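# Fold and geometry: a report
Residues per chain are reported as follows:
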Amino acid sequence: MRVVFTTWAWPSHLYALVPLARACRAAGHEVIFASEPGLTRDVLRADLPAAVVGTDVDTAGMVHEYLLPLPGAGGPAPRREGKGPRVLRMLMAHAESMAAGLVRLIGEWRADLVVYDQVTLAGPIAAAVTGVPAVRQLYGVDLLQRARAVLPDAMAPLADRLGAGPVDPYGTVTVDPVPATMQLPGEHRVLPVRYLPYNGPENQPWRPPEPRRRPRVCVSWGHTIAKVDPERFIADRLAAALAGTGVEVVLAVSAAQRDLLAARKDLPDDVRVVVDVPIKDVLRDCDAFVGHGGAGGILTALAAGVPMLLVPQLPDHAGHTGRAVATGPRRCSAWPTWRRRRCGRRCPGCWTTPSRAAPPASWRRGCAARRRRPRWPARWPSYNRPWPVTDSCPSLIPARH
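About the criteria used
Residues numbered from 1 in each chain as written. Predicted model: local features only at pLDDT ≥ 70, side-chain atom pairs only at ≥ 80, totals over all residues. Heavy atoms only, no water. Helix = DSSP H or I, 4+ residues; strand = E, 2+ residues; numbered from the N terminus. Contact = heavy atoms within 4.5 Å. Phe/Tyr/Trp six-rings, centres within 6.5 Å; stacked < 30°, edge-to-face > 60°. Buried < 20%, exposed > 50% of the residue type's maximum accessible area, 1.4 Å probe, protein only. Salt bridge = Lys/Arg side-chain N within 4 Å of Asp/Glu carboxyl O. Pairing = 2+ DSSP bridges. Axes fitted to C-alpha atoms, helices over the stretch in contact; angles between N-to-C directions. pLDDT = per-residue confidence, 0-100.

### Thoughts on the environment of V228
Relative to the assigned elements, V228 resides in helix α7 (residues 224-228). Between the alpha carbons of V228 and L67 there is a distance of 8.8 Å; along the sequence they are 161 residues apart. Dropping the residues within four chain positions of it, V228 is found in contact with W10, A60, V63, H64 and L67.

### Let's talk about the packing of aromatic side chains
Going through the model one piece at a time under the given rule, you end up with two aromatic pairs. Ring geometry for F5 and F33: centres 6.2 Å apart, planes at 20 degrees, overall stacked. Of this pair, F5 sits in strand β1 (residues 2-6) while F33 sits in strand β2 (residues 30-35), and the two are 28 residues apart along the sequence. By the burial criterion, F5 is buried, and F33 matches it. On the basis of an interplanar angle of 80 degrees and a centroid distance of 5.4 Å, the ring pair of Y15 and Y198 is categorised as edge-to-face. With a gap of 183 residues between them, Y15 in helix α1 (residues 11-26) and Y198 in the loop between β7 (190-192) and β8 (216-220) connect regions that are remote in the sequence.

### Overview of the pattern of salt bridges
Overall, the coordinates contain eight salt bridges when judged by the stated rule. With a shortest N-O distance of 2.6 Å, R89 and E65 are connected by a salt bridge. Taken together, the residues R89 in helix α4 (residues 87-109) and E65 in the loop between α3 (59-64) and α4 connect sequence positions 24 residues apart. We note a salt bridge from R237 to E231, for which the minimum N-O separation is 3.8 Å. Exposure remark for R237: the relative accessible area of 33% places this residue in the partly exposed category. Exposure remark for E231: the relative accessible area of 54% places this residue in the exposed category. One network of salt bridges, with partners in common, ties together K280, D281 and R284.

### Focus: the sheet that holds strand β5 (residues 134-137)
Strand pairing in a sheet relies on backbone hydrogen bonds, with the paired strands running either antiparallel or parallel. A sheet is described by the order of its strands in space; here seven strands give the open sequence β3-β2-β1-β4-β5-β6-β7, paired in parallel fashion. Each edge of the sheet is formed by a strand with only one pairing partner; in this case those strands are β3 (50-52) and β7. Each adjacent strand pair in this sheet contributes to an overall mean axis angle of 25 degrees, direction not counted. Pairing of β5 with strand β6 (residues 173-176), which is carried by three bridges, proceeds in the parallel orientation. Residue pairing across strands places V135 opposite V173, the latter belonging to β6. Contacting β1, β4 (113-117) and β5, helix α5 (residues 122-130) runs over the sheet at an angle of about 165 degrees to β4.

### Describing the confidence of the model for the protein chain
Averaged over the protein chain, the pLDDT score is 81; the fraction of residues at 70 or greater is 77%. Below a pLDDT of 50 lies the segment residues 329-341, which in the model reaches 45 contacts outside its immediate sequence neighbourhood of four places, other chains included. For residues 348-371, every residue scores under 50 in pLDDT, and the model assigns this stretch 44 contacts once sequence neighbours within four places are set aside.

### Digging into unusual backbone geometry
Located in the positive-phi region is R110, a residue other than glycine, with phi close to 55 degrees. Topologically, R110 is positioned in the loop between α4 and β4. Overall, R110 belongs to the partly exposed group, its relative accessible area being 41%.

Written as structure tokens, this is what we have:
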């Protein structure tokens, strides 16, 4: 079977699709990953074959318009254009860029299946044009359920222009790695899978420090916010505030974010900085996670079973954070409320532990209790062979070859 994977040029969306693409290749299927030019390097670094479709879109500029206002900040409210979520304008800009090239790729490569992430609307449109089944892969809470009433109308002009007719934006089936208690309900067919973290290529090995004698906290700010507005990249400030409460802090950043840290020179000496190390590896040796509310960070922390403090600054981050808070003992705060003295009260952990040869028994019991993993039922398949999409989709694919 030949499978086209596709998403627009944003690394975190690619990362959500990598385990599934690798599982397809391991099962003996041919895979190609199609995206805009800006993602080609990341696709190749994930050890996947890449195809370029469309042209790059100013995603960072558009996302900047959606930043949540800071509490107490003045200025005009974010503008709205038309009906439905503001983000539809960005999603359709990517669809306009990619759809025609994706149609050509599917036809010339004679693909059997298209797999797309939940915001890459070019995927179901191109699949409808070429008569190929479309599988939707979720990377987090299915927030586009809230746009069900307006999404088909938003896609209709592009679909009609390419000859697709009516398109179901939710595809033939949806692969969902989010715990059922956290997910929004929908009317489409769902194949649940257990979440397998992929946070980028492992350029640097994770070497945990000596066995900890105090709580260890991982701070990570993903990839999005620093690209959109470097001033909103506050991971270093949070790390510095946490370091003052007596905990051990590990700050996980990308190479680009390391340059921001070097320019600011705000970090205390006792904050350990790791560069381009996947947070799934770091969290194995940590007791709590502080992040920006992105779907990948939340699911990775859930898989590790660590408590979280989430500081969302975009509407979708607020949506993912809201579901995490509603379905477990998680805490969320807006960053202007952060003060050094408040960190110990707000962070979900036992931050103040005296220095001694071993952590007190009460702290060890508390950390064990806080490592509450989500309910991924044992019957749910993992990204291994046999796995549900490659097993169930042949019955959906017409005999064409």
